[in-house]
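# Observations on the model geometry
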Amino acid sequence: MRARVTISMMALGVVLFAMPAGATGVLLAQNWRDLTPKERSDAMQNYKQHQQLPQERKRDIEQQYERWRNMPPDQRDRVRQNYQRLQQLPPQERSRFEQKYEKWKQQTPPPPK
Amino acid sequence: MTRCAAIQEDLTAWVDGELSEQQIRVVGDHLGQCGTCADLARQLRAAVPAQRQTLTCVVAIADLDRAELWRRTRSLLVNDVEAPRPRWAWWPRRFALAGLATAAAVGVFVALNNTPQPAPVMVDLGTPPVEVVERPDLFKDYPLIEQLDALENFDTVEAVPLDDDTPSQNG
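All of the points below concern the structure found in this document. This is a predicted model, so every value here is computed, not measured.

## Side note on the overall build of chain B
Scanning chain B from terminus to terminus reveals 10 helices and zero strands. Starting at the N terminus, the α and β elements of chain B follow one another as α-α-α-α-α-α-α-α-α-α. Counting every position in chain B, which comprises 171 residues, the buried fraction comes to 9%. Within chain B, contacts between residues separated by at least 24 positions form 47% of all contacts whose residues are at least 6 apart in sequence.

## Observations regarding the nonpolar core
Of all hydrophobic cores here, the largest spans 14 residues; its most connected members are A43 of chain A together with F139, I145, L148, A150 and L151 of chain B. Where this core is concerned, the elements lending two or more residues are α4 (73-88) of chain A together with α7 (136-140) and α9 (148-152) of chain B. At three residues, the largest contribution of residues to this core is made by α9 of chain B. Look past the residues within four positions of F139 of chain B in its chain and what remains in contact with it is A43, N46 and Y47 of chain A together with V132 of chain B.

## Some points on the environment of R45 of chain B
All names here are of chain B. Note that R45 resides in helix α3 (residues 35-62). Exposure remark for R45: the 12 C-beta atoms within 10 Å place this residue in the exposed category. Linking R45 and V15, residues 30 residues apart in sequence, is a C-alpha distance of 6.0 Å.

## Points about α4 of chain A
In a regular helix each residue adds 1.5 Å, so 16 residues correspond to 22 Å; α4 of chain A covers 23 Å between its end C-alpha atoms and thus fits that length. V79, N82 and L86 of chain A are the residues of α4 of chain A that are buried. Down the axis, α4 of chain A shows its buried residues gathered within 60° of arc, on one side only. In α4 of chain A, the exposed residues that point more than 90 degrees away from the buried face are P73, D74, Q81, Q84, Q87 and Q88 of chain A. Against the buried residues of α4 of chain A lie α5 (91-107) of chain A together with α8 (142-146), α9 and α10 (154-158) of chain B.

Conventions and cut-offs
Residues numbered from 1 in each chain as written. Chains lettered and ligands numbered in written order. Predicted model: local features only at pLDDT ≥ 70, side-chain atom pairs only at ≥ 80, totals over all residues. Helix = DSSP H or I, 4+ residues; strand = E, 2+ residues; numbered from the N terminus. Buried ≥ 20, exposed ≤ 12 C-beta atoms within 10 Å, placed from the backbone. Contact = placed C-beta atoms within 7 Å. Core = buried A, V, L, I, M, F, W, Y, C linked by C-beta atoms within 7 Å. Expected span 1.5 Å × (residues − 1). Arc of directions from axis to C-beta.

Bear in mind that shape data such as this cannot, by itself, settle questions of function.
Dropping the structure here:
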């Protein structure tokens, strides 16, 4: 009996030790300090790119950001998966996807703002 | 004492070659005439070498160092019987068990109290702009947010035919 309790405690300790802090799901970064050095570097480059956009495009990005923030976690995960799919497409396929998107956007009425 | 009885008394000495020449001649003459004594003489001749061999062994046993024999025998007996285990012989095993239990307890304690911390890496990125500090998630996932509309409708967009698409089957 004592041996079982000891083994159970050791197993629990191993599980707690091995579980990463963010294992419950990928959350939005709430703080600059939460970012890794690479994420900080990428964020700075993205910021510079954002600063060079025209105002109208900036506003679109802001709206999409709000939509992204209010998105349910499962839907956000699906978007991330689709982003990975897009990243893995060959350049030609990716170009075709962008053409398809432009065509689809012309056919589809814009979402209410 | 009959003639045969007197000869048979000397037969052992005759076999051993301990008789004088005259006695040997007398015994020999008799053995040539008496079958009974001749048979006995043959039996004695056959028995004497065996007796000598036996006597050699007996003498050898008599010459044994009994103290040495006893010492070796006792040594064999002692080694064959398991010696009683002294009480202190269990101590190393007890110490080993106690050590294992302590190690397990320390392991559990460390595992329960050890929260993995990210290793501090000093990277000089300068002071981030206020917009980035206030909304780090926007600029972290910027490429994704930039294409959010397309990514949300990925499968639908993928299904959109382009003008240069050729049908796979012309019917």
